[in-house]
Each structure stands twice: as structure tokens, then as C-alpha cells.
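A look at the structure
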Amino acid sequence: MKLDINNRQHDVDVDPRTPLLYVLRDDLKLNAAKFGCGLGQCGACTVLVDGKPVFSCVTPLALLAGKKITTVEGLGTTDNPAPIQRAFIEEQAAQCGYCIAGMIMRAQALLLGNPHADDAEIRAWLEPNLCRCGTHMRILRAVRRAQELIKTAQTGAAG
Amino acid sequence: MSNDLTISRRAVLAGTGALIFSFSASPLPAQDAAAPPSASPPAPPLPGSLKQFPYLDSWIRIDAGGSITVCTGKAELGQGIKTALSQIAAEQLDADFDKVEIITADTALTPNEGYTAGSHSLQDSGTAILHAAAQVRQILIAEAAKRAAMPPERMQTQRAAVIAPDGRRFGYGDLVSAALLHVQAAPQSPLKAPSDYNIMGQAQQRIDIPAKVTGGAAYVQDLRPDGMVHGRVVRPPSYGATLTDVDAAAIEKMPGVVKVVRDGSFLGVIAEREFQAVEAMRALAAAAHWQETAKLPDGAALPALLLGLPSQDTAVFDQHGPAPGNGKTLSATYTRPYVSHGSIGPSCAVARFDGDALTVWTHTQGVYPDRDAIAEMLRMPKEKVRLTHAEGSGCYGHNGADDAAADAAVLARALPGRPVRVQWTREQEHAWEPYGPAMVVKVSASLDATGRKIADWDYGVWSNTHSMRPGGAGALLAAQSLAQPFTPPPPKPIPMPEGGGDRNSIPLYKFPSARVVSRFLPTMPVRVSALRALGGYMNVFCIESFMDELALAAGADPVEFRLQHLDDPRARDAVSTAAKNFGWPGKAAPGHGNGFAFARYKNLAAYCAIACEVEVDRESGRARMVRAVAAVDSGQVVNPDGIKNQIEGAILQSTSWTLFENVTFDHRRITSVDWASYPILRFSDVPDAVDVHVIDRPGTPFLGSGEAGQGPAAAAVANAIANATGKRFRDLPISRQRIKTAIGV
Ligand code: FES
Ligand code: FES
């Protein structure tokens, strides 16, 4: 079946019951989305489907025909990071980092849908995602910094 | 390990000249890391891990092209050790930070530094690298001086080159030759003056973070060697269950299934694709029949059970001062349940067996001890087994890493030539990891005749061992279930001064009389091992909670009361810094409370004081940390932002343990097997602000800070809850239900 991932069409020959996470990791060799629970309980596998965060570990391929899937790899690179990635680097918002790709994708959905979210909204939005290292303070700071980076870029472009 | 790193390691191995020629990760003189160097005249001990690995080129290698490689036997666990060690080397070598490469724990490449645990990495490896780098710089200066025919005192170093007074520049790569760095370290090193540091002590962005936020290959989970297949294991339903029967015929015919592997009660399956392995594992689990024998204790009656187990008692501190007089006496009992490491990524490993050699990529904390255990399990010579550390999710101690590595090894042996990747499920990680042990503390203390100071202190701590790490093969789950099984080694206490269950059981405070008894419990009803801070979490929680109870009885301010009993100036400084920056004592809003706690980790590592404010919702019993201020003294600071990150993390993780966590089980099986049945802290529980003040002590020894926050955070939270509610909570976790019941709304 055909999948639209990070703005590229991919043809995958996989049982349509297969959760998206395994296809991303094994067939497309994308590292960012992580296996954390396979149960929809932790958010380590979060990706965007049509701009909305979903748990890729419990989303079978069959549901994804014609949808646009975005992973961390679709945001930016180490040389050219997206604002949310730059913000995580600038805030040093990782310890082990295993939860971070999922955090970034959930945060990215917020930046797209509610770019001016306040602190309480950011916290509520991130609630489904778990971090065991206790990096939460930095993750929150990184999301706020990403809002600023985007705002500055927009003002810069406008002015 | 990232693919980038693989390439750079390969480049290292393929390199010619000085680098590979002089490589020596073996200790002197024997292969045994524990053997002391045989140098005949007794020399002063070498600093840090140079004691076991005295050759400079075990730590620092420079190739003819000038590339600098630092080798450490410690592993990156998300604590930022690669970055901090690189900073140390770059500083002492006078090289640019980003020009230094680092190789971490690998039985083929690095010194054997045992486990990356106990906040020892900077103390052991950091100290070795500090001194080795300084001595390498001195050797390079001497070599350049010889070539320039100038006195070495007149040479300077800068950006990986020695500069002569006449301006001639000798790159480090031009100066090295095969044998130049293959020399033993001297006891003294020409360390730079801390005032000249410009890399150490500066906040340095971590070298591993860019790959982690862009989908780079950063973890063992991301390895995909050619021909890799996916393994899954089927664990028994309960401890010690034996596999009586499994009809695997149907499973062997499932799509993609390469092999079902059964050896005694070890059961696993290998498939071409990952989801095929998952489905085969599920089918195999459904087809397996087990005989269960486990008898787990009644969780609710756990403290009584622990107190009733046979114990080996050691007085770890015993001091008799004048008779206490007739001041007030307080007594209390504190308890802690089993606590899960709960790594966000379940354990994973990749192994490849090629005829007679085995390679395992693993996120173990100890590549050498785990290598020995796996070799023993497979009855292979150690030299034929290589373990390479590759990062996993944060582990916080002994989680499933070693067991997953053993699982991968057993499956790989059954399928020679193909790398087998084993990924544990969430439920396996939760049910099979060795937990932080349940504990009980009983303490009583008397105030002196003035009623203001403690005269006498009596403390007992009941605990299982806090380390069942391999060890031998018997520590590995897979080895325990093979047809020819290995039995777990008998549990042993970790001796003081570091201690296990008794870690931090001796208060740093000075009392005229004090007695501390460690009651070691060899019987282990539930699988346990090392969890971050070991007994230090519980003991600091107890001591610091009780100090507050005593301060209340003495009518004293908790911070003042601590300072009255504390004479170590660095301890006093940490306490005062946290108090001042918090605005102690402050005035808590209604429903809020402030709490304070302090400890020096292991009484010999970092000092950490934490003040915090907690709000308690009287209706629901829900407690939330509102803000925390910490002060930490880790000796010479290498990466201040790294220390802040560790302490912030410690505060949040410890708050989670303290408010929410409790491993549950019925009479036979572990029942907390996922995030629904084992809830942890979430964003809605996160404080508004956490502020960490790092106290730098230039030129003093490194004091590890990775675990220093666990105990103080727990007690600060408990003390703040007591301050908010007027009730003292001595049983962990201080759950919503317990608070609600106690305040009786
Ligand atoms: S891995 Fe998908 S929610 Fe945990
Ligand atoms: S940084 Fe380790 S789990 Fe979040």
C-alpha cells in the first residue's frame, strides 16, 4: 500500500494490520518514533497524521491510506533543525532522550494548531506523554522557546 | 551507539600508526582488572581508574593525523558522561572540545571500569582522564621541546599543538609515535590551574542531543545490521514457573517465523520482521503451559513480613556520649514499597553469533561483568564474547538491560550468522526488572536537657541487597531458565562506606550518642537489585523526615535545627544556599506547605539541599510540588548544565517515586505491568519551577551528582506535605488516598 510520509510517497508491502510504528522503524528505517509500550500509554511513538498527534504503536496501516504522516525526520535535520528541534537543543531538553521524539511531535501539533498556547495549555496538551528521566521542566521550556523562535521568524519575515 | 559512531570506531580500528599500535586497554600486569600494578617500589596510588589501567594510551589516543580519542569504560546513560569526559580531556590537552572523539564501554576497546553506577563516573573515569590528559600534554611538550631544542618550560600548548617561543608549531599528530603515549602514568600530574580553565566549568551543550532530536541513530534500538532478524521472548507468568508443554508447530508456520527456540523453560521466537515476531510471540505465549510455584507476600503486610525475616545485623555506627538526660524522646517507623525503574524504552539488545564468537550490543551498565556472565551462560571463553555498549532508554540502575542482552545471546546462538534484535515488551520490563527493594526503618531519638538539640539517636534499617547485578550467569533470567540452569548467586550486602540498604543510614549530623544498625535480609520474596541511590533514597527520606519531626518537638525552625547539628562547612553552605534562594522559611499560602531536606550522597559524594513548596488539595488528597530550589556541591564542576539537568531530573523522578509509585502483586504474579497499573508523574503533576544552584569548588575532586537528589527530594516533599496538612506521612508512597484518609475530609 501507499503511504505519504514526510511528504514522500512510499510503497510498502506489509500486512495492513501492522501498526505504523513497525513500518516506520523497520521498513523505512526511521529512528525517531520509539517503541515505549505498544499500548498507547506513553507517547514515545507519537507521530502526526494530518497534523494530529497519534500513537503510531496502536495505529494499523489500514487506517492511514491517503493521510499525511509526519515524523521527527520530516521536521528538520541536525544542520537545519526546525524551530521545535532547535528549541530542544538550545534548552538541552533531554536526559536519555528516549521520550523526546514523541514529545517533539506532540508539541509540534500544538504549535501548528494553537501556536499561542499558554503554559497551562502546553502542560495539558503534553499530558499523555511520559518522561521517566524527569526532563519535564526543560521540555516545557523548549516548547515555549519554540513558540518564540517561530514568532521571531515570522516577525523577521514580515519586517 | 549511533551508526556514526560505528563508522568512527571502524575508522579508529582501521587507523594506522600510533593510535592502534599503542592501544592498550589491558591492565598491568595481568588480565585481571583487580590486580594491582606490579611496579616493585611502592609508589603512591594513581588517581581514579589509572590505578587499574595505568597506561596513558588506555585513556587518550592520538593518531598521526592529530585526531584525539578519549576512551572510557563508563557508559552514556543519558547523564551526559560523554560530554563531561570530553570536556575534561579537551581542557587538559588544550584541544578544541569538538575535536575530541570519545569511545565508551566496549570490551574490545576500553578499560574495564566495572559498572557505570553509584555516581562514580567522574570520580573514577573523569579523574583518570583528567590526569592522563595532563600527562599526555606534558609528554607532547617534552617531545616538541626536544625537536625544537628548546627548554620545555618555554613551550606552550594551544588547539592541539605545541608552540615554540619562535613561533614554530608542532601539531600533536606530528609529535606522537608508536610508543610515545604507551607509558605508565606518574602519580603526579601537571594539571592546569583551575583559573585557566575555559572548557571545564563551562556549560557545554551535550554531544548526544542533536541526533536524539532529529531521528539520528542514537540507541541500541536503532541498530539495523545487515541481515538482522527480530527476536522476542516469552517469559513465564510468574517467578520460577517451569514450562511444561508448548506446541510450537503452528507458530513455526506463521508468516516470517524463522525459528522457535526452546531451551528448558526459556522460550523465544525469531522472525524476519518485527511485527511478525510480535504476533508469533503472542501465539507462542498462548500455546505455552506453565507450572507456577511462586508465593508472593501480601503487599499490604509487607513491612511486618520484612521485620520478621531472618536478618544479619551490623552496627555500622556506634558512638556513646554522655547520658542523654531526660529530654523528649520520639520514635517512628517508616516504610517503602518495591519501586520500579520503569525505563520508558523497554530493554533491548542485538547479538550476533558467528561460529565461535559472539558480539552483543547492549545498554548494560557494565559491559565487562555482563560479558563474563554471558560467556559463562553459553559456556564460551570470555575472549570470544564482545560486548559493546549502545545507549538505551534511561535505566536508573539495574533494569532489564543485562537480561535482554542474555536473551539476545541465547537466540543468536540458535541462528548463527544473523544478528538478532530482542526487544522486551512493556509488560516484560515491568514484570521482570529487578525492583528497588522494599524497606523498613525504625528510628528513635531524644532531645537533650535544653530540649533544643539531639542527644541520642538510634536507627535501624531492614533491607534486602541492593545489587544482584551479574555477577555470574546465575544473575541472568535467561540463564536461570535454561535446561541446564544457573542458580542466582547468594545475595550479598554492599559494604559501607558506600553501603547498599544502609547507604546514607549514618546521619551527617553530629549527635553525642548515635547507633545505626543495618539489618540485612538475605531472603528475597521479590526480584530486586540496584535502583538509583539504592538505600540512600529511603534512608535520607527517613533521617530528614525525622529531623523535621524532632525540630517540631524542639520548637525550632527545620533549617536552623539542621545547621545546629551540622559542622561540615560544605554541608552548611549547601543548606544555606538552598534556604536563601528559596526564601526560607517563607509563608505558605493556605493549603500549601514548605519542606526542606539535605544529604551528602553516601556521605562522600555530592552535597545536595532542597527546599520545596507543595500544595495539597484537601478534597482529593492530591499533592503537587509547586516549586523547588536545590543547591548542589559536586566539587570541581565540569558541566554545570549537566549537573542542573541531573538534579532537576532527580527531583522530578524522586517526587514521582514518593507520591505515586508502588509495585503491586497478588499471591503469585506481579500485577503492575504497564503504565495504567503503575502510574508515574505526568505533566499535570510537574512543578511550576525548579531552580538548581551549582556551587563550584575549583580544583577539588569530582563528586558524582547523578544520585544526590533522590533522597533530599523525597524528604523535602514529605516535609512540605506535613507542613501543609499537619500530618506526618511515614509510609511511601504518600499517595492521594493516604493523604485523603489522614486529613479525613
Ligand atoms: S509506544 Fe506507543 S504509546 Fe507507548
Ligand atoms: S529524557 Fe529519558 S525518558 Fe524523557
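None of these values were measured; they are calculated from a predicted model. (Residues numbered from 1 in each chain as written. Chains lettered and ligands numbered in written order. Predicted model: local features only at pLDDT ≥ 70, side-chain atom pairs only at ≥ 80, totals over all residues. Heavy atoms only, no water.)

Observations concerning the overall build of chain A
Defined as follows: Only DSSP runs of H or I with at least four residues qualify as helices, and only runs of E with at least two residues qualify as strands; both kinds are numbered from the N terminus onward. Note on classification: 1.4 Å probe, protein chains only; a residue is buried when its accessible area is under 20% of the maximum for its type, exposed when over 50%, partly exposed between these limits. Only heavy atoms enter the contact rule, under which two residues are in contact if any of them lie within 4.5 Å. In short, Shrake-Rupley with a 1.4 Å probe defines the accessible areas, and a residue's cover is counted only from the protein chains shown. Under the counting rule used here, the positive set is Lys and Arg, the negative set is Asp and Glu, and His together with the chain ends is not counted. Where a charge lies is defined by one atom per residue type: Lys uses NZ, Arg uses CZ, Asp uses CG and Glu uses CD.
The helix and strand inventory of chain A stands at 5 helices and 5 strands. When the helices and strands of chain A are read in sequence order from the N terminus, they spell out β-β-α-β-β-β-α-α-α-α. Once the C-alpha set of chain A is aligned to its principal axes, its extents read approximately 45 × 35 × 25 Å. A total of 159 residues make up chain A; the buried ones form 58% of that total. Sequence separation of 24 or more characterises 58% of the internal contacts of chain A that already satisfy a separation of 6 or more. If you sum the accessible surface of chain A, you get close to 6200 Å²; carbon and sulfur atoms cover 53% of it. Distance between charge centroids for chain A: 3 Å, based on 18 positive and 16 negative side chains.

Some points on the overall build of chain B
How we decide: C-alpha atoms define the radius of gyration, and 2.2 Å times the number of residues to the power 0.38 defines the globule rule.
The helix and strand tally for chain B stands at 19 helices and 24 strands. Taken against the 2.2 N^0.38 rule, which gives 27 Å for 745 residues, the C-alpha radius of gyration of chain B at 27 Å falls within 12% of a compact globule. Sorting the 745 residues of chain B into buried and exposed places 63% on the buried side. Considering only residue pairs separated by 6 or more positions, chain B has 78% of its internal contacts joining residues 24 or more positions apart. Accessible surface for chain B amounts to roughly 25600 Å². Of this, 53% is attributable to carbon and sulfur atoms. In chain B, 71 positive and 74 negative side-chain charges are present, and the distance between their average locations comes to 1 Å.

Observations concerning the domain arrangement of chain A
All names here are of chain A. Selection criterion: Boundaries between domains were set according to an automatic or database domain assignment. Defined here as a combined quantity, buried area equals the accessible surface (1.4 Å probe) lost by two parts on assembly, summed across both. Salt bridge criterion: a side-chain nitrogen from Lys or Arg within 4 Å of a carboxyl oxygen from Asp or Glu. Whenever a nitrogen or oxygen atom comes within 3.5 Å of another N or O atom, the pair is scored as a polar contact, on the condition that within protein one atom can donate a hydrogen and the other can accept it, and that pairs from neighbouring residues in sequence are kept only if both atoms are in side chains. Ten residue types, Ala, Val, Leu, Ile, Met, Phe, Trp, Tyr, Cys and Pro, are classed as nonpolar, four, Asp, Glu, Lys and Arg, as charged, and the remainder, Gly among them, as polar.
Its domain assignment divides chain A into domain 1 (2–74) and domain 2 (83–158). Each of domain 1 and domain 2 has a C-alpha centre, and the two are 21 Å apart. Taken residue by residue, the interface counts 16 residues in domain 1 and 14 residues in domain 2. For the pairing of domain 1 and domain 2, the buried interface totals around 1200 Å² over both sides, and the portion due to carbon and sulfur atoms is 67%. The tally of links between domain 1 and domain 2 comes to 0 salt bridges. In this structure, the connection of domain 1 to domain 2 is made through 4 residue pairs in polar contact (both at pLDDT 80 or more). The set of elements that each furnish at least two residues to the side of domain 1 that touches domain 2 consists of β3 (46–49) and β4 (52–55). Taken together, the residues of the side of domain 1 that touches domain 2 sort by class into 9 nonpolar, 6 polar and 1 charged.

Some words on the sheet that holds strand β14 (residues 348–354) of chain B
By definition, the strands of a sheet pair up through backbone hydrogen bonds, in either a parallel or an antiparallel sense. All names here are of chain B. Stated formally: For two strands to pair, DSSP has to find at least two bridges joining them. All axes are obtained by fitting lines to C-alpha atoms, using only the stretch in contact for helices, and the reported angles, taken between N-to-C directions, cover 0 to 180 degrees.
Strands sit in the order β9-β10-β7-β17-β14-β15-β16 across an open sheet of 7 strands; the sheet is mixed. Since the sheet does not close on itself, it has two edges, and those belong to β9 (257–263) and β16 (385–389), each with one partner. Averaged over all pairs of adjacent strands, the angle between their axes in this sheet comes to 20°, without regard to strand direction. As defined by bridge partners, strand β7 (residues 229–234) adjoins strand β17 (residues 420–423) across 3 bridges and the pair is classed as parallel.

Some points on the pattern of salt bridges
Enumeration according to the criterion identifies 56 salt bridges over all chains in this entry. A salt bridge links R137 of chain B to D94 of chain B, with the nearest nitrogen and oxygen atoms 3.5 Å apart. Remark: D94 of chain B occurs in the loop between α3 (81–93) and β3 (100–103) and R137 of chain B occurs in helix α4 (residues 121–148); sequence separation between them is 43 residues. Each of the two residues, R137 of chain B as well as D94 of chain B, counts as buried. What emerges from the salt-bridge pattern is a single network uniting R86, E90, E91, R138, R141 and R145 of chain A together with D641 and E648 of chain B.

Description of the domain arrangement of chain B
All names here are of chain B. Here chain B is partitioned into domain 1 (5–32 + 40–210), domain 2 (220–293 + 341–432) and domain 3 (439–466 + 501–743). Computed over C-alpha atoms, the centres of domain 2 and domain 3 are 37 Å apart. Contacts between domain 2 and domain 3 engage 18 residues on the former and 16 residues on the latter. In terms of surface lost to domain 3, no three residues of domain 2 exceed Y239, Y396 and H430, which account for 37% of the buried area on that side. At the boundary of domain 2 and domain 3, one finds 2 salt bridges. Our count for the contact surface shared by domain 2 and domain 3 stands at 8 residue pairs in polar contact (both at pLDDT 80 or more).

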